[in-house]
Every structure is written in C-alpha cells, then in structure tokens.
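Listed below are the residues making up each chain.
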Amino acid sequence: MSVAIVGAAECDLGQTGKSVLELQTQAVTRALADAGIPLSEVDGIATNGISRFSATQLADYLGLQPSWSDSSFAGGAVFEMYVARAAQAIDAGQCRTVVISFASNQRSARSRKLAGVVEEGTPEAAFEAPYQPLYPISYYAMTAQRYLHTYGLTRADLASVAVAARARAQLNPAAWTYGKGPLTVDDVLAAPMISTPLGALDCCLVTDGGGAIVLTSAARARHLPQTPVKVLGYGEALTHTGMATAPDLLHTGAGAAAARAFSQAALGPADIDVVQLYDSFTISVPLGLEALGFAKPGEGLHATIPHNTGGGGLAYCHPGQFGVLLLVEAVRQLRGDSGARTALVHGTGGIFSSHATVILGVDR
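Cut-off values and rules
Residues numbered from 1 in each chain as written. Predicted model: local features only at pLDDT ≥ 70, side-chain atom pairs only at ≥ 80, totals over all residues. Heavy atoms only, no water. Helix = DSSP H or I, 4+ residues; strand = E, 2+ residues; numbered from the N terminus. Contact = heavy atoms within 4.5 Å. UniProt positions renumbered as here; feature names shortened; annotations may be inferred. Buried < 20%, exposed > 50% of the residue type's maximum accessible area, 1.4 Å probe, protein only. Lys, Arg positive; Asp, Glu negative; His and termini not counted. Salt bridge = Lys/Arg side-chain N within 4 Å of Asp/Glu carboxyl O. Polar contact = N/O pair within 3.5 Å; in protein donor to acceptor, adjacent residues only side chain to side chain. Core = buried A, V, L, I, M, F, W, Y, C linked by side-chain atoms within 4.5 Å. Pairing = 2+ DSSP bridges. Axes fitted to C-alpha atoms, helices over the stretch in contact; angles between N-to-C directions.

Draft legend 1. Examining the side chain of Thr-143 more closely. Relative to the helices and strands, Thr-143 resides in helix H6 (residues 137-151). Non-local contacts of Thr-143, meaning those with residues more than four positions away in its chain, are made with Met-243, Leu-249, Leu-250, Ile-283, Leu-287 and Phe-352.

Draft legend 2. Main features of the UniProt feature "domain: Thiolase C-terminal" (unreviewed entry) in the chain. Per the UniProt annotation, the sites labelled "domain: Thiolase C-terminal" (unreviewed entry) are residues 235-361. When the span residues 235-361 is considered, its composition is 29% helix and 19% strand, and the gap between its end C-alpha atoms is 16 Å.

Draft legend 3. Here's a closer look at the side chain of Asp-70. Tracing the backbone through its elements, the reader meets Asp-70 in strand E3 (residues 68-70). An unpaired buried charge is present at Asp-70: no salt bridge exists, and Arg-85, the closest side chain of opposite charge, is 4.5 Å distant. Within the local environment of Asp-70, its side chain forms a polar contact with the side chain of Ser-72, the two groups lying 2.5 Å apart. Contacts of Asp-70, omitting those with residues within four sequence positions, involve Ile-45, Ala-46, Thr-47, Ala-55, Tyr-82 and Arg-85.

Draft legend 4. Just the nonpolar core, in detail. Formed by 69 residues in total, the largest nonpolar core has its most connected members in Ile-100, Ile-213, Leu-215, Phe-294 and Leu-360. Sorting elements by how many residues they give to this core places helix H3 (residues 78-91) first, with 10 residues. Apart from the residues within four sequence positions on either side, Ile-100 is in contact with Ala-46, Phe-79, Tyr-82, Val-83, Ala-86, Gly-211, Ala-212, Ile-213, Leu-215 and Val-324.

Draft legend 5. Looking closely at the sheet that holds strand E11 (residues 354-361). In spatial order, the strands read E3-E2-E4-E7-E1-E8-E11-E10-E9; together these nine strands make up an open sheet with mixed pairing. The two strands at the open ends of the sheet, each matched to only one other strand, are E3 and strand E9 (274-277). Along the sheet, successive strands turn relative to each other by an average axial angle of 25°, direction set aside. Where E9 meets strand E10 (residues 342-349), four bridges bridge the pair, whose relative direction is parallel. The residue bridging Leu-277 from the neighbouring strand is His-346, located in E10. Helix-sheet contacts for helix H1 (residues 20-35) involve strand E1 (3-10), strand E4 (98-104) and strand E7 (209-217), and the interaxial angle to E1 is about 130°.

Draft legend 6. Expanded view of the pattern of salt bridges. Enumeration according to the criterion identifies eight salt bridges in this entry. Note that Glu-10 is salt-bridged to Arg-332, the shortest N-O span being 3.5 Å. One end of the pair, Glu-10, is in strand E1; the other, Arg-332, is in helix H13 (residues 323-335), with 322 residues separating them in the sequence. Since its relative accessible area comes to 13%, Glu-10 is described here as buried. Lys-230 serves as the salt-bridge partner of Asp-363, at 3.1 Å between the closest nitrogen and oxygen. On the criterion of sequence distance, the pair formed by Asp-363 in the segment after E11 and Lys-230 in strand E8 (residues 229-238) is long-range, its members being 133 residues apart. A relative accessible area of 57% places Asp-363 in the exposed class. One network of salt bridges, in which partners are shared, links Asp-12, Lys-18 and Arg-30.

Pasting the structure below:
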C-alpha cells in the first residue's frame, strides 16, 4: 500500500456557537495547513453529517469540484472505512489528495437525540421498540450488564475506565474536561443512573467539534513538511442492527475487522505501540481491547497497551461521531516524541453494529 496521512487537525471544540459548515471549514483548512497543501489541490472528499448530500454540500461550500467523494454512513466506524476507500481511490489514480472530515455543533444546537428510527417489520420493531429503549445507551447497558455478570465484575471496576480517561484528558489542553480535576471511582458511582449499570459518567461527552485528515500518495508525502503516517492495513465488519439479532453480546465484529487489518499490514497486536479506540461508553474500552487482541476475555480493564491518549470520547470531546478524531490523535502520537511507530485505530458504529480498523505506521 502506498498511501499516507500528511495532515491532521481538529476544529474548535466544546460549545462553539458555530455552524456545522463553519466547523467543517476550520477542520479542513487547518488539516491542509498542517499538510502544506493548498485547498485548490483537494480532489477527493469524504464526509457526512451535513445533509443527505454531505460531500456535495461541503465541496460546494469550499469551492471545490472533486473527482472522488464518499458520504457513506455507518455510524462511528465510517471514518476508518473512509480511510480504506480513500487509499483505494488514490492507489487507483481516481484522485490525488483526499480530505476526510467531520464536524457537529450538537452541544450548541442541543440536537442530540436518544431515539433511533425503527422500521416496521424488523426484529427491532417486534422485540425491542415496545420496551422503549434509549438509543444507543440501553443497548450498551445491556452489554455492560452481561459483561459484568459473566466475569464477576462490578460497576466500580467499570468506573475505572472513566477515571483513567479523565486523567489522560488532564494532559490535553483541548479536552473539554481539561482543568476540571480528576475523577474518582466514587464520583462515577454517584453520578445519576441513566441505564443500569451505566451512569452519566459512564457515557461519552456531548460537545461541538470535529476534525480532518489529509491523505495522498506515499511518494508525494515524502516531499511534504510533516512526517508521513503510512496506511499499513485496514479491515471492517458488519454484524447486526438491533440487539435482537446480535449473535453474542460479548463477541462483536471488532475481532474480524482487526484480523483483516492485521493480515493486510502483516502485523499482530504485539507490534502495536498505541491504540485509539471508540469509547462511546465505559464498556466499549475493555470489550474493544479484548476483541482487538490486547487482552484476554474479561481482562480488558487491565490491558497495558497505551490507548485513547487524548482523553477519548469520555473526557476529550464527542461531537456525535468520534471516528475522525481517533485518526487525528493517532497521527499526533506517531509524529510526536512518545517513540510510537505503529498505531491501531478502531471505530465502532451503532450498537456494536459496524466496525472498522486502520493500522498506521511511521519510519523512525
């Protein structure tokens, strides 16, 4: 594979008062400035969340007429999927410079919803909708309940995920919780219960924000100012829409997606230096680290691999879809002074429904 990420940036975060297109423009132009590439050279765009014609609308707003675009929607996993599609398009010569971006003003607009659309005639309509679950938290709560029961753990064990995320966010000045002080397990347990066993501090933040990355050929990347972050492998998996059709609550599609990415990269979990994992709820972290091969089943809370280094969706920001910001943080870790040479990024969408893994690397 001969494609690299050469630019990465976030837009304003928190409660910005800006429109989605303003935030998208910030993210794109900052990532391009980071890459040292002018806007006029962008001929590929992948984004969603603006409208049904998200890529078209963003291209028009930026004054671009790209030769390649993607506005697929697969929840939080889609931005890792976009990396695969962009790499394939660049390798095939369909385009030369791709921007993958996302932004949301959900906190300013107070737009977050707790209910999804349930189509008539589906298993969700028959077996789930009558109980009026909160989407998606009730489903993650069901998985968390099963996880704690299966492995003899408690809410206090799970609370350690939120405590660790807050601690990492104190090292990231851009984080929503930066400067708000540490959390304790007791703080997490005392927070209002939302859907048993998940309380308010087991849930991701609700913020404005977003980010963008820029991809181009590895040959071209060598002549740009930033250290190229190579795309080494990717994989994805779809499993279910609702919990009624989930084959096993504790065995998600993350394992299959990661296996495909590892195979393409000719690497394994032991070769990875840092992980960026979608942490929409505290249960996402141990379950994900186990599925990705960094801990045995039931031992994800004790995984030693550095992960979610910026604070994650639990403590850094969460603008509705977090996948692109996982990529931004991975790029920063690989470029930085941590010594990391490889990173695994894993996005999750829906209720553990869609999964996509990207493996990145740098030469040091």
